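Next come the chains, spelled out residue by residue.
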Amino acid sequence: FECISFEDFQAPAESFDTIVSATAFHWLDPQTRFVKCAKLLKKGGYLAIIRNIDRHAEDEGALRQDLDNIYRSVIHASYGDEHQSFKGLFKTLQNDFHQSKSFSKPKIFSHDHILTLNSEDYIRLLDTFSFQHNLPSNIKKTLFERIEKAVNNYGNEIKILYTAELSIAQKV
């Protein structure tokens, strides 16, 4: 095995029956990710994309409102609303398959689930998300301290609604 980025990975054309990306496809260059997958897959091969879609924006409870207020007060407007969800990055996935002209319409399977975390685990999770992880350290420290305090004020528990989604398309 070799540890290498997808962009740097080299293999003969049509080398694979299946390519699976688990919660990482959004990191790949949108201009080349479908092209490279199509090149690497045998005709009739499959591209499977697994993603976890955060649906916390649907939560209208008091904790969600407090967290949104914390983000608005701590995060400078120039950082945008990326803390809300990666939904925007994923909403065009089906269209991207279609525009690539290399894949069939994907079959999509999904499962809703709720993740329950205490404040400490929630902060650890947030620090794995690129938006929060890449904030300047002073802003991140303030943000995480205020989020931890808010979650603690609501019984030290946050419930996060997710949809696990599997999209599978065949190379045509």
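This text goes with the structure placed above it.
Remember, predicted model here, so these are calculated numbers, not experimental data.

## A short note on the packing of aromatic side chains
Describing an aromatic ring pair means giving the distance of the ring centres and the angle of the ring planes.
Move 1: Tallying each qualifying case throughout the model produces five aromatic pairs.
Move 2: Measuring from centroid to centroid gives 5.2 Å for Phe25 and Phe34, while their planes differ by 75°, and the two rings are edge-to-face.
Move 3: A relative accessible area of 5% means that Phe25 is categorised as buried.
Move 4: Seen from their ring centres, Phe97 and Phe103 are 5.8 Å apart, and the 80° between their planes marks the pair as edge-to-face.
Move 5: Of the residues examined, Phe103 reaches a relative accessible area of 6% and is grouped as buried.
Move 6: The lysine or arginine in question, Lys36, covers the ring of Phe6, its NZ or CZ lying 5.2 Å from the ring centre.

## Observations regarding the side chain of Arg33
Move 1: Residue placement: Arg33 occurs in helix H1 (residues 33-40).
Move 2: Setting aside its immediate chain neighbours within four residues, Arg33 contacts Phe6, Phe25, His26, Leu28 and Asp96.

## Quick notes on the environment of Tyr46
Move 1: Relative to the helices and strands, Tyr46 is located in strand E2 (residues 41-54).
Move 2: For Tyr46, a relative accessible area of 35% gives the class partly exposed.
Move 3: Discounting residues that sit within four places of it in the chain, Tyr46 has contacts with Asp17, Thr18, Ile19, Leu41, Ile168, Ala169 and Gln170.
Move 4: At a separation of 3.4 Å, a polar atom in the side chain of Tyr46 contacts the side chain of Gln170.

## Here's the deal with the pattern of salt bridges
Move 1: Summed over all chains, the structure comprises 11 salt bridges.
Move 2: One salt bridge connects Asp17 with Lys42, and the closest N-O pair in it is separated by 3.3 Å. Of this pair, Asp17 sits in strand E1 (residues 16-22) while Lys42 sits in strand E2, and the two are 25 residues apart along the sequence.
Move 3: The exposure class of Asp17 is partly exposed, given its relative accessible area of 49%.

Definitions and limits used
Residues numbered from 1 in each chain as written. Predicted model: local features only at pLDDT ≥ 70, side-chain atom pairs only at ≥ 80, totals over all residues. Heavy atoms only, no water. Phe/Tyr/Trp six-rings, centres within 6.5 Å; stacked < 30°, edge-to-face > 60°. Buried < 20%, exposed > 50% of the residue type's maximum accessible area, 1.4 Å probe, protein only. Lys NZ or Arg CZ within 6 Å of the ring centre and 35° of its normal. Helix = DSSP H or I, 4+ residues; strand = E, 2+ residues; numbered from the N terminus. Contact = heavy atoms within 4.5 Å. Polar contact = N/O pair within 3.5 Å; in protein donor to acceptor, adjacent residues only side chain to side chain. Salt bridge = Lys/Arg side-chain N within 4 Å of Asp/Glu carboxyl O.

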